[in-house]
Amino acid sequence: LPMAFRAVNTRRHTGLQQLSSLALSGRTLLGPMKSCKFVVDESTNESTLICSAVRLIESLDLSSAAGQLLNETIQAHNKEFKTGTSTLLFLIGAWSSAVVECLQQNIPVSAIVSVMSEGLNSCCEKVQCLQTSIPKVNKMLRSSSVRLNDFKSKTFPTGHDSCLLNPCICLHLEKNISVPEVIPVNSSSPQEDDSNFTECLVSPLAGFASVASLTKPVGDQSTSVISESSVPTSSSNKRRLTHSRYFSTLRHFSSEKAIASSLQGNFQGYLSGQSAVPHECDSLGHLAAALSHGNQSSVKLIQSIVAYQQEGAECSGSFQFNIADIVTCRLLGLPESYSCVSPGLVTLVSPEKATVIKHFEEKSLRILLMDGDLTEQYRHLGFNRLSNLRTILEHPDLGEDRAGASWLSSTLNILKKFEVNLVLVRGNVCEHLMERCVANRILVIGSVAQEVLCAFGKATNTQPVTYLTQVNPSCVGSGAQAELWKACDGRATDLSELVPVRIKVRGSTLLTAVLTTTVASKMQVIEDQFWTSVYRLHHALNDAKVFLGGGAVELLCLSHIQMLTEQPLQTTNKSAVKEFHSPWLTASATEYRTAVLQALASGWKQYLTVVMCNAAVAVSELEARTSIDRHLKKAADSGSPSAYVLKELGRGDLLGGGSSSSTDHSKGLSTCDNVTAKTEAWRRALDLVLLVLQTDAEIITGPKRNHLLNSQASSEFMFL
């Protein structure tokens, strides 16, 4: 991190340069094809795998004022939306650099603040034409899926429509490049999934055997899916490997578009249109896939969640995607193919507790919920001890042990009195009490999420208690069941140190997403990606609309700013006269308006450039910028930029998404973005940049002088 600050000019606008330097480290985290990073702690030599801006910022030592503001901004956005933080981080850096360039051109701070804010507001209004209602999006996604299904039925021979792609690597095949002979390897066991992932980290070419094993198992005499019958070849009958992809993102095959990727396992019916879930559930599955930006493993879990919630809502007649009834459980040591959704609470317990659960299998348990710690010293928040109370012990050396033993005995007697078999505690549990309870076949589980207590309390019609002395017959529920959690193959799972178990309550809507992997450093990434996909769907349903994605929104913003800069200054700055009562400020904003708007546009242009390069749509930034400029010119020549963007988006030819000669299966909507999360990321990014800009200006020029220059502009805008 100190190396990133070598070029920082300590005498002029240090805060903006620090923001730009910090944001530079998050470029590879942008777009659907993210490149994970290993953050190494130099003091302990421990490393952490990260794949989001939130984890990156948490791993850095942000001691400067600008760094702390950056951290607070990203944390606030993540707390509210759980998505869009990488966009926020990147735009903060891009706009910080753009503002520094404006300052180098001697553009007044007041003009930068007013014109940039005006331009952002204008762009947010312009892109409203790309907002599409959820029913319309579902209709577009279903029609696009039908076209893909028709294409697959025509392209693949009989028996080849179930082609599976390795989640670690996706091969783009093209003519005229030879590929080493693929030797089938027996990998029918799901335990090898994560070993493939590790091999892909070491070498992209390590996935050849994995692809072969999925396309042609040992002993199968049929023709491989990747064969001459399914891949167009040249006269030399050779194929070319042009790209390899890791971290599970499915791509269309280039050039001939001959092979359509399909998904693994039960989610395969999603693409083929054969899903057995209700129509509304299927529509949400399509929407979740469009919002996931290629994270198909999370889409599979979300579709299972929607199916469970739809099934539970059949009695009431109304369905609502409820994230409050979703929790996660990490299972380290199982392949990722074992990830699934299980009704109830899945958690890890010690082998001693697992023995108690075996005794409880197929029995109805009496359950007690506790909102706090189950310890002798625990007191609720706001508790005030008596100041004039003194305790005199006859034997001080034995007093503490006697008091602890008395508390343990009374606590155990209360549980026995009300015949409690299962206790769920939100906080910590006394270890000695835990041992006593196991000996008496009472299962106590601590560190339970608040959502679990709420769901089980609603199902049993009970309220959590703070202290055991508050327990009465109405506080103890019934109808709970505990059992060993079984994997997708029906076998019970034993991870040696900890054992996964499942707790169900009759009538509960709680669901647990069981996340599995054999790579310990990857577990946090998997969980973050899952929650990001869940909240994207949640926000889309709350907004009742989404943006058409694939770079369409940012491209329309660039086209709109280009139109604003080309308009006559007299007509475009009528609002400046109303905003600034001073003729000098009005003239200043008018004179520098074009340069400032171009600085604002540079942020979105850099955003699209990096996304295209990260996704291998463009091999260089020069090629990406050329493609963007070509689209901007065509949009301007068309006379209606929004109509042009919608047309190109429908053809699948926007920013490298396809070609004009592509077949119908590549057309239609494939990516969506959240409306509120995206626009709020823009606003927070610009607000932070302008706040640091004004703060730096006050340090350099003095607060009084800067206040005179910006008094009118500052009254129009609110900052963080």
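Keep in mind that this is a model prediction, so the values were computed, not measured.

Colleague: Please set out the state of the cysteines residue by residue, giving values where relevant.
Modeller: The tally for this structure, following the rule as stated, stands at 0 disulfides. For the unlinked cysteine cysteine 129, the closest cysteine sulfur is that of cysteine 557, found at 9.6 Å.

Colleague: Just give me the short version of the environment of aspartate 373, but keep the residues and values in it.
Modeller: Tracing the sequence through the fold places aspartate 373 in the loop between β9 (365–370) and α13 (396–417). When the C-alpha positions of aspartate 373 and asparagine 428 are compared, they lie 4.8 Å apart, and in sequence the two are 55 residues distant. When near neighbours in sequence (up to four residues on either side) are disregarded, aspartate 373 contacts Tyr378, Val425, Gly427 and Asn428. Side-chain polar atoms of aspartate 373 contact the backbone nitrogen of asparagine 428, separated by 2.8 Å.

Colleague: With reference to specific residues and values, describe the sheet that holds strand β3 (residues 131–133).
Modeller: As summarised here, the arrangement of the 3 strands in space is β3-β15-β16, forming an open sheet in which the pairing is antiparallel. A single partner strand is all that each edge strand has here, and the edge strands are β3 and β16 (672–674). Each neighbouring strand pair of the sheet contributes to a mean axis angle of 50 degrees, computed without reference to strand direction. In terms of strand pairing, strand β15 (residues 545–548) meets β16 through 3 bridges, oriented antiparallel. Of the residues in β16, the one forming a bridge with leucine 548 is cysteine 672.

Colleague: Give a description of the nonpolar core that names residues and reports values.
Modeller: Within the largest apolar cluster, 82 residues are counted, with the highest numbers of intra-cluster contacts made by Leu70, Trp95, Ile112, Met116, Trp604, Trp682 and Leu693. With 12 residues, the top contributor of residues to this core is helix α4 (residues 85–104). If we skip the residues at most four places from it in the chain, isoleucine 112 touches Val99, Cys102, Leu103, Ile107, Val596, Leu690 and Leu693. Among the nonpolar cores identified, the runner-up in size contains 31 residues, and Phe321, Leu511, Leu515 and Ala540 belong to it.

Colleague: A description of helix α14 (residues 431–439) should follow, citing residues and the corresponding values.
Modeller: Along α14, the residues that are buried comprise Leu433, Met434 and Cys437. Projected down its long axis, α14 shows its buried positions confined to an angular sector of 105 degrees, all on one face. Of the exposed residues in α14, those oriented more than 90 degrees away from the buried face are Glu431, His432, Glu435 and Ala439.

Colleague: How would you explain unusual backbone geometry if you had to name every residue and give the values?
Modeller: Excluding glycine, a negative phi dihedral is what most residues carry, and trans is how most peptide bonds are arranged. If you check the backbone angles, histidine 293 has positive phi at about 60 degrees while not being a glycine. With respect to the element layout, histidine 293 can be found in the loop between α10 (279–292) and α11 (296–312). The exposure class of histidine 293 is partly exposed, given its relative accessible area of 24%. Positive phi is not limited to glycine here, since arginine 441 has a value of about 55 degrees. Within the secondary structure, arginine 441 is located in the loop between α14 and β11 (443–445).

Colleague: Break down the packing of α4 against helix α5 (residues 109–126) for me, citing the residues and quoting the values.
Modeller: The N-to-C vectors of α4 and α5 enclose an angle of 140 degrees; their axes lie 10 Å apart at closest approach. By the angle between their axes, α4 is oblique relative to α5. Pair α4 / α5 crosses with right-handed handedness. Contacts between α4 and α5 pair Val99, Cys102 and Leu103 from the former with Val109, Ile112 and Met116 from the latter. Of the residues in the contact of α4 with α5, the class split is 6 nonpolar, no polar and no charged.

Calculation notes
Residues numbered from 1 in each chain as written. Predicted model: local features only at pLDDT ≥ 70, side-chain atom pairs only at ≥ 80, totals over all residues. Heavy atoms only, no water. Disulfide = S-S within 2.5 Å. Helix = DSSP H or I, 4+ residues; strand = E, 2+ residues; numbered from the N terminus. Contact = heavy atoms within 4.5 Å. Polar contact = N/O pair within 3.5 Å; in protein donor to acceptor, adjacent residues only side chain to side chain. Pairing = 2+ DSSP bridges. Axes fitted to C-alpha atoms, helices over the stretch in contact; angles between N-to-C directions. Core = buried A, V, L, I, M, F, W, Y, C linked by side-chain atoms within 4.5 Å. Buried < 20%, exposed > 50% of the residue type's maximum accessible area, 1.4 Å probe, protein only. Arc of directions from axis to C-beta. Parallel < 35°, antiparallel > 145°, perpendicular 65-115°, else oblique. Left-handed = near helix turned anticlockwise from the far one by under 90°. Nonpolar A, V, L, I, M, F, W, Y, C, P; charged D, E, K, R; others polar.

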